[in-house]
Amino acid sequence: MATTVRSPICCAAASSAQRSRANRAAEQSGLWVPVAVAVAYGLSNLVKILVEEPRPCIRYPAVPTVSTCDFATDYSFPSNHVTIAVSAAIALCLVGRRIGVGALVVAALIAFSRVYLGAHYVHDVVAGAVLGAVVALAGLLLRTPLTALVVRMRSGR
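These numbers were taken from a predicted model, which means no experiment stands behind them.

(A) Region of the structure containing the nonpolar core. Ala 36, Val 82, Val 86, Ile 90, Ala 91 and Val 135 are the most contacted members of the largest nonpolar core, which totals 16 residues. Where this core is concerned, the elements lending two or more residues are helix H1 (2-51), helix H3 (80-95), helix H4 (97-116) and helix H5 (122-155). Val 135 has contacts with Trp 32, Ala 36, Val 39, Ala 40 and Leu 43, leaving out every residue within four places of it along the chain.

Structure representation (structure tokens):
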């Protein structure tokens, strides 16, 4: 009799423990999202400074574009917008598949719009996407050591 009472309780406790581990992993991954975006943005700006590629509207002023060339104050390669969008989207994929896929769709639309507006070349948005993805995926590799570091810092060791 005692076994039948304990079995559902043990199953519920085990299920709850699994969910809390999953929630903890999602929280840890969620902490990586703003860090990934910040790191990717910093690296993107560093590459811009090193490459110094002029925007298409600067290099080809006679070619009409959809919007004016208001964004001509910095360089074209890589696209910061796409770098940020893809790094956030990939990092969000680590948190949850559904939100990550939605963010990837938005990132693809941003990439298309940057070329469509004449702000970037295609290779600018591809490079931004690769950079953002690499930085965000680094979080997958670094999640366990970084989590251990945070736990040690919290415990004061």
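(B) Inspection of unusual backbone geometry at higher detail. Following Phe 77, the chain continues to Pro 78 via a peptide bond in cis, the omega torsion being -10°. Position of Pro 78 relative to the elements: it lies in the loop between helix H2 (56-59) and H3.

(C) Representation of the packing of H3 against H5 in the model. At a minimum axis distance of 7 Å, the contact between H3 and H5 shows a crossing angle of 30°. Judged by the angle between their axes, H3 and H5 are roughly parallel. Of the two possible hands of crossing, H3 and H5 adopt the one that is right-handed. Across the interface between the two elements, Val 82, Thr 83, Val 86, Ser 87, Ile 90, Ala 91 and Leu 94 of H3 pack against Val 125, Gly 128, Ala 129, Leu 131, Gly 132, Ala 133, Ala 136, Leu 137, Leu 140 and Arg 143 of H5. Residues belonging to the contact of H3 with H5 are distributed by class as follows: 12 nonpolar, four polar and one charged.

(D) Representation of the pattern of salt bridges. This model, assessed by the stated rule, comprises one salt bridge. Note that Arg 59 and Glu 53 form a salt bridge whose closest N and O atoms lie 3.9 Å from each other. Residue classification places Arg 59 among the partly exposed residues on the basis of a relative accessible area of 40%. Residue classification places Glu 53 among the buried residues on the basis of a relative accessible area of 11%.

(E) Structural context of the environment of Gly 118. Inspection of the secondary structure assignment puts Gly 118 in the loop between H4 and H5. For the pair formed by Gly 118 and Thr 65, sequence separation is 53 residues and the distance between their alpha carbons is 5.5 Å.

(F) Structural context of H3. In this model, H3 (16 residues) spans 23 Å end to end at C-alpha, consistent with the 22 Å of a helix rising 1.5 Å per residue. For H3, the set of buried residues is Asn 80, Val 82, Thr 83, Ala 85, Val 86, Ser 87, Ala 88, Ala 89, Ile 90 and Ala 91.

(G) Quick peek at the side chain of Asp 124. Note that Asp 124 resides in helix H5. In this structure, Asp 124 is buried with no salt-bridge partner, the nearest side chain bearing the opposite charge being Arg 55 at 6.3 Å.

(H) Examining H5 more closely. Taking 1.5 Å of rise per residue, 34 residues should cover 50 Å, and H5 covers 48 Å from first to last C-alpha, within 8% of that figure. Bending of H5 peaks at approximately 60° at the position of Leu 142, with proline Pro 145 no more than four residues after it. Looking only at H5, the buried set comprises Asp 124, Val 125, Ala 127, Gly 128, Leu 131, Gly 132, Ala 133, Val 135, Ala 136, Gly 139 and Thr 147. Gly 156 lies just past H5 and shows a positive phi near 85°.

Here is what the cut-offs are and how they apply
Note that residues are indexed from 1 along each chain, following the sequence as it is written. Totals for whole chains, interfaces and linings use all residues, but because this is a predicted model, local features are given only for residues with pLDDT of at least 70 and pairs of side-chain atoms are given and counted only at 80 or more. Side-chain measures here rest on the full set of heavy atoms in the structure, leaving out hydrogens and waters. Working definition of a nonpolar core: buried Ala, Val, Leu, Ile, Met, Phe, Trp, Tyr and Cys residues. They are joined through side-chain atoms within 4.5 Å. Buried, partly exposed and exposed residues are distinguished by accessible area as a fraction of the type maximum, computed with a 1.4 Å probe on protein chains only: under 20%, between the cut-offs, and over 50%, respectively. What counts as a helix is a DSSP run of H or I of at least four residues, what counts as a strand is a run of E of at least two, and both are numbered from the N terminus. When checking whether two residues touch, look at their non-hydrogen atoms; a contact exists if any pair is within 4.5 Å. Note on definitions: angles span 0 to 180 degrees between N-to-C directions of axes, and those axes are lines fitted to C-alpha atoms, for helices only across the stretch in contact. In this scheme, roughly parallel covers angles under 35 degrees and roughly antiparallel covers those over 145, while 65 to 115 is roughly perpendicular and the rest are oblique. Left-handed is the label given to a crossing in which the near helix is rotated counterclockwise from the far helix by less than a right angle, and right-handed is the label when the rotation is clockwise. Amino acids are sorted into nonpolar (Ala, Val, Leu, Ile, Met, Phe, Trp, Tyr, Cys and Pro), charged (Asp, Glu, Lys and Arg) and polar (every other residue, Gly among them). Any Lys or Arg side-chain nitrogen located within 4 Å of an Asp or Glu carboxyl oxygen qualifies as a salt bridge. Given the number of residues in a helix, its expected span is that number minus one, multiplied by 1.5 Å. Charge counting treats Lys and Arg as positive and Asp and Glu as negative, with His and both chain ends excluded. Note that bend, as reported per residue, equals the angle between axes fitted to the 7 residues terminating at that residue and the 7 residues originating from it.

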